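What the coordinates show
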Amino acid sequence: MRARPILSEALRLFFPLAALHGAVWPFLWIVIGGYDLPFGDAVPPSQWHAHEMIFGTYGMALAGFLGSAVPEWTDTRAASGSTLLALAGLWLPGRLIGFAGGDAWSLPAGFFDLAFLLALSALIGTAMLARRTVKHLAFLIWLFLFTAAEAAVRYAWWSGDLDLASRCLEAALCIFIVLFSLSAARINVVVLNLALDPTGGTTPYRPHPGRQHMAGAMVTLYMAAKLFFPQSDVCAWLALAAGAAFFDRLAEWFIGRAVFKTEVLLLGLGNAFAGAGFLALGATRLGFSVPPAAGLHLLSVGALGCAVMAVFIIAGLRHTGRDLAHLPWQAHAAAGLMVMAGLIRILPEFDFAAILSPYHHGLSAIVWAASFGVWLQGFLPFMRAPGMDEAGACG
């Protein structure tokens, strides 16, 4: 029996689940709960919040992307039906416990989260093994490291080592930035060439490979230094190098008016936010008057928010039989709201838009939730409808 369209491939089910979680969690935590969690005690609510953003919303978005992209890259059959429901079932318990901030249930939640990530690893590893290819092995390696970071965070919470938990959460954020860098290296080529030539007949945009991968390499070095030598000033200089590498990627984005197309601009802003985030982390460590959390929010809310929304729009259209020449209004609105959420969250911390400073956390959460909500309203019908573009979304 053929699976329903929404169960026919990973992104059709997992993107809406990620968007729903992204819309509900920060709104409940900040606007309804007032930065508190009903059963939180030993673990600070801010760490629960960071964990649920990284491993909840972004984790499910990652599963949707890899679960659809890897079968496309390897020309293997995509997981569907009961397999996708089983993966979603492994992801859900951790999110329910995360909503409550249940310290006592953190280990069972961690068990389900680890099972979810390992099952996802097995899924994409099987596709690579079927084609006997190591071309995309980097994604599998980083997914294993992401799984290890989840295990380390849960262990740190269980042992009461909140400093270790904080460093492991930052490591998980860096791992996701590397995964974004790897993904963007593939997506950028397709999206920018289609922006320049919607017919797909030519490929004038050909980025330099070194430029595409330098940012990921610098983030890797920064992450290692921050984990094992947290007091060293080397962390600051590596953060500055990572920021410069992300801005260097943008040097090849001077493609004329096509750069202002929503899907292109959103990917570019993801790189820009990432560059600014790492520069802010380095400046903080070197003693400049930059708030410690500013760099992390530039990365988590700005860079990854824009990156995830860009993938939601691009893959959400191309994997449901639609092209990028005519984006629905919800795509433009969701992109604009996501950028606004990042700016509202960050600017008051740099003494810009000071009038927002008493309210910017809650306002940013509302705009962030609205971004995912608008995308869900516009794209859920696409996910539930038949149709698949043979060209795929990820090159």
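Small disclaimer: the values here were computed from a predicted structure and weren't measured.

1. Considerations on the overall build of the protein chain
Of the regular secondary structure elements, the protein chain holds twelve helices and zero strands. In the protein chain, the succession of helices and strands from N to C terminus is α-α-α-α-α-α-α-α-α-α-α-α. If one aligns the C-alpha atoms of the protein chain with their principal axes, the spans along those axes are about 50 × 45 × 40 Å. The burial tally for the protein chain puts 56% of its 395 residues in the buried class.

2. Regarding the nonpolar core
Within the largest apolar cluster, 138 residues are counted, with the highest numbers of intra-cluster contacts made by Phe146, Phe278, Phe312, Ile313 and Trp375. If sequence neighbours within four positions are ignored, Phe312 has contacts with Phe15, Ala18, Ala19, Ala61, Phe372, Trp375 and Phe379.

3. A closer look at the environment of Leu196
With respect to the helices, strands and loops of the structure, Leu196 is situated in helix H6 (residues 162-196). Since its relative accessible area comes to 33%, Leu196 is described here as partly exposed. Each C-alpha atom, one on Leu196 and one on Ile255, is 7.7 Å from the other, the two residues being 59 residues apart in sequence. Residues within four places of Leu196 in sequence aside, it is in contact with Pro204, Tyr205, Ile255 and Ala258.

4. Some words on a nonpolar patch on the surface
On the surface, a cluster of nonpolar side chains totalling about 440 Å² of accessible area is made up of Leu20, Val24, Phe27, Leu28, Val31 and Ile366. Note on Phe27: relative accessible area 32%, which makes it partly exposed.

5. Here's the deal with the packing of helix H5 (residues 137-159) against H6
Interaxial distance between H5 and H6 falls to 9 Å at its minimum, and their mutual angle equals 165°. In terms of their interaxial angle, H5 and H6 are classed as roughly antiparallel. Judged by the sense of rotation from one axis to the other, the crossing of H5 with H6 is left-handed. Its residues assigned to classes, the contact of H5 with H6 shows 22 nonpolar, one polar and one charged.

6. So, the pattern of salt bridges
Under the criterion given, the structure shown has eight salt bridges. The residue Arg154 makes a salt bridge to Asp113 at a minimum N-O spacing of 3.0 Å. Of this pair, Arg154 sits in helix H5 while Asp113 sits in helix H4 (residues 106-131); the two residues are 41 residues apart in sequence, bridging distant segments of the chain. Of the two residues examined, Arg154 and Asp113, each falls in the buried class.

7. A short note on helix H10 (residues 292-318)
The first and last C-alpha atoms of H10 sit 39 Å apart over 27 residues, in line with the 39 Å expected at 1.5 Å per residue. Of all bends in H10, the biggest is about 30°, found at Leu304.

8. Quick notes on the environment of Tyr205
Checked against the element boundaries, Tyr205 lands in the loop between H6 and helix H7 (209-228). Spatially, the C-alpha atoms of Tyr205 and Phe247 are 18 Å apart, while their sequence positions differ by 42 residues. If we skip the residues at most four places from it in the chain, Tyr205 touches Asn188, Val189, Leu192, Asn193, Leu196, Gln212, Glu252, Trp253 and Ile255.

9. Examining unusual backbone geometry
With a phi close to 55°, Asp75 is a non-glycine residue in the positive phi region. Tracing the chain through its elements places Asp75 in the loop between helix H2 (45-74) and helix H3 (82-100). Residue classification places Asp75 among the exposed residues on the basis of a relative accessible area of 59%. Here Arg132, not a glycine, exhibits a phi torsion of approximately 50°, which is positive. With respect to the helices and strands, Arg132 occurs in the loop between H4 and H5. On the basis of relative accessibility, which here comes to 80%, the residue Arg132 falls in the exposed class.

10. Description of the packing of H2 against H4
At a minimum axis separation of 10 Å, H2 and H4 run at an interaxial angle of 15°. Between H2 and H4, the crossing angle belongs to the class labelled roughly parallel. Crossing angle aside, the handedness with which H2 passes H4 is left-handed. Of H4, the residues touching H2 (which contributes Trp48, His51, Phe55, Gly59, Met60, Ala63, Leu66, Val70 and Thr74) are Ser106, Asp113, Phe116, Leu117, Leu120, Ile124, Ala127, Met128 and Arg131.

11. Concerning the packing of aromatic side chains
In the structure shown here, the tally under the stated rule is 18 aromatic pairs. Between Phe146 and Phe176 the ring centres are 5.7 Å apart and the planes differ by 70°, which places this aromatic pair in the edge-to-face class. Here the residue Phe146 occupies a position in helix H5, and Phe176 occupies one in helix H6, the gap between them amounting to 30 residues. Both residues of the pair, Phe146 and Phe176, count as buried. Of the aromatic side chains, those joined through ring pairs into one cluster are Phe15, Phe55, Tyr58, Phe146, Phe176, Phe312, Trp368, Phe372, Trp375, Phe379 and Phe382. Taking the ring centre of Trp73 as reference, the NZ or CZ of Arg186 above it sits at 5.4 Å.

12. Some details on the state of the cysteines
Under the definition given, this model contains zero disulfides. In this model Cys174 remains outside any disulfide bridge; the closest cysteine sulfur is found in Cys235, 10 Å from its own. Here Cys306 is not cross-linked by a disulfide; its sulfur's nearest cysteine counterpart is in Cys174, at 18 Å.

13. A word on H7
Since there are 3.6 residues in each turn of an α-helix, residues three or four apart along the chain are aligned in direction. The end-to-end C-alpha distance of H7, which contains 20 residues, comes to 29 Å, matching closely the 28 Å that a straight helix rising 1.5 Å per residue would cover. Every buried residue belonging to H7 is among Gln212, Ala215, Gly216, Met218, Val219, Tyr222, Met223, Ala225 and Lys226, and all of these are buried.

14. Focus on the side chain of Glu150
Its location among the elements puts Glu150 in helix H5. Side chain to side chain, Glu150 and His51 meet in a polar contact 2.6 Å long. Discounting residues that sit within four places of it in the chain, Glu150 has contacts with His51, Phe55, Gly110, Asp113, Leu114 and Leu117.

Calculation criteria
Residues numbered from 1 in each chain as written. Predicted model: local features only at pLDDT ≥ 70, side-chain atom pairs only at ≥ 80, totals over all residues. Heavy atoms only, no water. Helix = DSSP H or I, 4+ residues; strand = E, 2+ residues; numbered from the N terminus. Buried < 20%, exposed > 50% of the residue type's maximum accessible area, 1.4 Å probe, protein only. Core = buried A, V, L, I, M, F, W, Y, C linked by side-chain atoms within 4.5 Å. Contact = heavy atoms within 4.5 Å. Patch = residues over 30% accessible without salt bridge, like charges linked within 9 Å, V, L, I, M, F, W, Y side chains within 5 Å. Areas by Shrake-Rupley, 256 points an atom, 1.4 Å probe, with all protein chains shown as cover. Salt bridge = Lys/Arg side-chain N within 4 Å of Asp/Glu carboxyl O. Axes fitted to C-alpha atoms, helices over the stretch in contact; angles between N-to-C directions. Parallel < 35°, antiparallel > 145°, perpendicular 65-115°, else oblique. Left-handed = near helix turned anticlockwise from the far one by under 90°. Nonpolar A, V, L, I, M, F, W, Y, C, P; charged D, E, K, R; others polar. Expected span 1.5 Å × (residues − 1). Bend = angle between axes of the 7 residues up to and from the residue. Phe/Tyr/Trp six-rings, centres within 6.5 Å; stacked < 30°, edge-to-face > 60°. Lys NZ or Arg CZ within 6 Å of the ring centre and 35° of its normal. Disulfide = S-S within 2.5 Å. Polar contact = N/O pair within 3.5 Å; in protein donor to acceptor, adjacent residues only side chain to side chain.

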